[in-house]
Amino acid sequence: MPQTASSVEVSKSFGRFSRQALESPLTITHHGHESLVLLSHAEYLRLKSRDRQVYAIDEVPDEIAEGVRAARAPAEAAAFDNEVES
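Let us look at the structure shown here. On a predicted model such as this, the values are computed, not experimentally measured, just so you know. (Residues numbered from 1 in each chain as written. Predicted model: local features only at pLDDT ≥ 70, side-chain atom pairs only at ≥ 80, totals over all residues. Heavy atoms only, no water.)

**Details of the pairing of strand 2 (residues 26-30)**
When you tally the buried positions in strand 2, you get four out of five residues, the bulk of the element. As paired strands, strand 1 (residues 3-6) and strand 2 are joined by four bridges and run parallel to one another. Looking at the pairing, Ser6 lines up with Thr29 of strand 2. Strand direction decides the pairing type here: strand 2 and strand 3 (residues 33-38), joined by five bridges, are antiparallel. Along strand 3, the bridge assignment pairs Ile28 with Leu36. Linking strand 2 back to strand 3 in an antiparallel pair, the connection comprises two residues, with His31 at a positive phi of about 55 degrees. (Buried < 20%, exposed > 50% of the residue type's maximum accessible area, 1.4 Å probe, protein only. Helix = DSSP H or I, 4+ residues; strand = E, 2+ residues; numbered from the N terminus. Pairing = 2+ DSSP bridges.)

Structure (structure tokens):
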């Protein structure tokens, strides 16, 4: 269950909220609006590991290049064939 606390509550009891954030991310509100999320370093690293990697065209790893070559557009995409010049 997501946790939420106001910035005033967090500033008064940072230790307690930081321990809770080790278990589950904490949304911090400011004047009733969600403004920040406090989360564990491990969760931050997990999320960062999902960032996209950018390659130059001649540096794309073989397994990615093969996946792109094997990819096929879904049948629904045929509706847009008229937008491509032949």
